[in-house]
Amino acid sequence: MAHSLSQAGFHTALVERGYAVARDQQDWDAQKILVEMRYAGNQSMTVSQYGQRTSLQRINEVLGGGSVFFGGACLRLRQNDFEAWPISYFEMEPYYCKAEKLLEVHGSTGNDPTEPQRSEDYPFRSPGLTNTAMRISNAAEKLRMHPFSMPMAINYTNDMRSLCESCTTCDGFPCKIGAKNDVVETVLKKCHPEKLVVLSGLYGLQLLESHHKIKRLECLDRESNTRVDLEAETFILAGGALESPALLMRSGLQHKDRSGALGHYLMRHCNAIVGCLFPYHINREGKNYKQICITDFYEDMRERTGLSVGVIQDMLMPPPAGSKHKAPWGLKTLSAHFNPYIQCLLCIAEDTPRYENRITLRSNQGEISNSRLHVHHEYDDGDIIRRNYLIKKAKKILKKAGGWFCVTQKIDSFSHAVGTTKFGSSSSKSVLDETCRYHAVKNLYVVDGGFMPTSGGVNPSLTIAANSLRVAEHIVERTKPQI
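A short tour of the structure in this document, coming up. Every value quoted in this text rests on a predicted model; they were computed, and no experiment measured them.

1. Focus on the side chain of T454
Link 1 in the chain: Structurally, the position occupied by T454 is in the loop between strand 17 (444–446) and helix 10 (461–478).
Link 2 in the chain: Note on T454: relative accessible area 8%, which makes it buried.
Link 3 in the chain: A distance of 2.8 Å separates a polar atom in the side chain of T454 from a polar atom in the side chain of W85.
Link 4 in the chain: Apart from residues lying up to four places away in sequence, T454 is in contact with D81, A84, W85, M267 and E350.

In structure tokens form, the structure reads like this:
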């Protein structure tokens, strides 16, 4: 949004409660990033999930958001994923192309058996496979699957920027050299320098609405602990599917939502990591081998459930400090000790949009907003069936590749959170309209993953980026830029 609007001539302010990452040696240190959570802010959210008691989760706060930490996977939703959406795949398709160019995605067409139709090729070609990735690819082929090079937002070939060194601290880490194509390294650096201002360290407290228009955003300057008010003609939320609805609730705007869906229908995919012990060092090259994706099972349950199954991706094993921290209780020491001999596959299963899965605000004196974000999430039986279906396939692949025995770990993060401000054609059934404008507020848009009415079975990052470009075009067409 910041790129599109600034390039169209709009004076644009990007409000960010975090700061730019340091891009130093500590950004590749598993202890600092995965264990100590170097970039987590003072706030935390409470989470109820898996039928267990409430726990605390800390939140990373950086310029660029989750893109700074993501692993780079940039897959499009499939055409059938749009069946419950108010727009079709073909309405989104041109913006997928634009997003792939803006994020400099490296990919190859023709090998993904469920690949949706494309009007343009990827802007950059995928690199060759590492030996570790080739092992998984060969095993999948022996099982009559169709593995392909996963499209990645990582800079392998553009020598105008730092090139990827294929390190083993990518997924979950900021890139020290800026070779990961996060939105700071690609999108923000391409914004109009005279039209965009980035305001870091400002926490959005509430939006002030009058006569169906937002008049200003009240913020807290975290350094000076003083209030800052920002006025604008148009307000756009992109704080993520957890934080954007929280800001709307703090602003009292839930009372203008006729659908009752604000903060509800939270989805995050039903994911699991399958780790397999091999009788030899699995990555003697010491390279990033997150390269393979398998979609053969994507449509296996569509007719019966209306949802996709999902995908399987190769996944880099975190360094020993990270794997020990994230391993299930009782396996922490073993996980760190046998780290070089474990290869992982990530199973991403589509989850059901359920009204019961929601975020709420809880009073909490002492927090800068005087409220704490609470997340309640549980999977239904269908979600578990889809995830277990992928787990079974992943184990077959790993054992065909030469692995001995496998351990499965459920994922409890909300890095794929979507759905809490879903868009639609009716104000009685959706929070946003087809252009992602808040139904009852003329100048308020939400363009993070909250807009998605279903999660699909792939990482939502590219879809969020493409939709932002689509909405930006609408705003440009209906509003004259300031001079």
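What follows picks up the thread again.
2. Side note on unusual backbone geometry
Outside of glycine, negative phi angles account for most residues, and trans bonds account for most peptide bonds.
Link 1 in the chain: For Y50, which is not glycine, the phi torsion reads 55° and is therefore positive.
Link 2 in the chain: Note that Y50 resides in the loop between strand 2 (40–49) and strand 3 (55–60).
Link 3 in the chain: Among the residues examined, Y50 registers a relative accessible area of 21% and is labelled partly exposed.
Link 4 in the chain: One non-glycine residue, R144, lies in the positive phi region at around 65°.

3. Here's the deal with the sheet that holds strand 15 (residues 371–377)
Link 1 in the chain: Spatial ordering of the open sheet is given by 3-2-15-14, a layout of 4 strands whose pairing is mixed. Pairing within the sheet leaves two strands with one partner each, and these edge strands are strand 3 and strand 14 (358–363). Between one strand and the next, the sheet's axes are offset by a mean angle of 35°, whatever the strand orientation.
Link 2 in the chain: In the sheet, strand 2 pairs with strand 15 via 4 bridges, with the strands oriented parallel. Note that in strand 15 the partner of T46 across the bridge is H374.
Link 3 in the chain: Lying over the sheet, helix 5 (residues 240–250) contacts strand 2, strand 3, strand 14 and strand 15, oriented at roughly 50° with respect to strand 14.

4. So, the packing of helix 3 (residues 89–102) against helix 10
Link 1 in the chain: Direction vectors running N to C along helix 3 and helix 10 enclose 110°, while the axes themselves pass 8 Å from each other. By the angle between their axes, helix 3 is roughly perpendicular relative to helix 10. Crossing of helix 3 against helix 10: the hand is right-handed. Contact residues: helix 3 offers M92, Y95, Y96, K98, A99, E100 and L102, while helix 10 offers L462, T463, A465, A466, N467, L469, R470 and E473.
Link 2 in the chain: Of the residues contributing to the contact of helix 3 with helix 10, the split by class is 9 nonpolar, 2 polar and 4 charged.

5. Remarks on the packing of aromatic side chains
Link 1 in the chain: If you walk through the whole model with that rule in mind, you get 12 aromatic pairs.
Link 2 in the chain: Between F82 and Y89, the ring centres sit 5.8 Å apart and the planes meet at 70°, which makes this aromatic pair edge-to-face. Taken individually, F82 and Y89 each receive the classification buried, so the pair is uniform in this respect.
Link 3 in the chain: Taking 6.4 Å as the distance between ring centres and 90° as the angle between the ring planes, the aromatic pair formed by F297 and Y389 counts as edge-to-face. Remark: Y389 occurs in helix 9 (residues 381–400) and F297 occurs in the loop between strand 11 (292–294) and helix 6 (302–305); sequence separation between them is 92 residues.
Link 4 in the chain: We note R78 situated over the ring of Y298; from NZ or CZ to the ring centre the distance is 5.7 Å.
Link 5 in the chain: The ring of Y122 is capped by R118, whose NZ or CZ atom sits 3.9 Å from the centre of that ring.

6. Some points on the state of the cysteines
Disulfide: a covalent bond formed between the sulfur atoms of two cysteine residues.
Link 1 in the chain: Following the criterion strictly, the structure yields 0 disulfides and no others.
Link 2 in the chain: Note on C436: no disulfide assigned, nearest cysteine sulfur contributed by C74 at a separation of 19 Å.

7. Some details on a nonpolar patch on the surface
Link 1 in the chain: A cluster of nonpolar side chains, namely L334, F338 and Y341, defines an oily patch on the protein surface of about 250 Å² accessible area.
Link 2 in the chain: As for its position among the elements, L334 is in helix 8 (residues 332–337).

8. Looking at the environment of S427
Link 1 in the chain: With respect to the secondary-structure elements, S427 resides in the loop between strand 16 (405–410) and strand 17.
Link 2 in the chain: Between the C-alpha atom of S427 and that of S119, which follows or precedes it by 308 residues, the distance is 33 Å.
Link 3 in the chain: Not counting residues up to four positions away in its chain, the partners in contact with S427 are R258, S259 and H439.
Link 4 in the chain: Among the polar contacts made by the side chain of S427, one reaches the side chain of R258 at a distance of 2.7 Å.

Definitions and cut-offs
- Residues numbered from 1 in each chain as written.
- Predicted model: local features only at pLDDT ≥ 70, side-chain atom pairs only at ≥ 80, totals over all residues.
- Heavy atoms only, no water.
- Helix = DSSP H or I, 4+ residues; strand = E, 2+ residues; numbered from the N terminus.
- Buried < 20%, exposed > 50% of the residue type's maximum accessible area, 1.4 Å probe, protein only.
- Polar contact = N/O pair within 3.5 Å; in protein donor to acceptor, adjacent residues only side chain to side chain.
- Contact = heavy atoms within 4.5 Å.
- Pairing = 2+ DSSP bridges.
- Axes fitted to C-alpha atoms, helices over the stretch in contact; angles between N-to-C directions.
- Parallel < 35°, antiparallel > 145°, perpendicular 65-115°, else oblique.
- Left-handed = near helix turned anticlockwise from the far one by under 90°.
- Nonpolar A, V, L, I, M, F, W, Y, C, P; charged D, E, K, R; others polar.
- Phe/Tyr/Trp six-rings, centres within 6.5 Å; stacked < 30°, edge-to-face > 60°.
- Lys NZ or Arg CZ within 6 Å of the ring centre and 35° of its normal.
- Disulfide = S-S within 2.5 Å.
- Patch = residues over 30% accessible without salt bridge, like charges linked within 9 Å, V, L, I, M, F, W, Y side chains within 5 Å.
- Areas by Shrake-Rupley, 256 points an atom, 1.4 Å probe, with all protein chains shown as cover.
- Salt bridge = Lys/Arg side-chain N within 4 Å of Asp/Glu carboxyl O.

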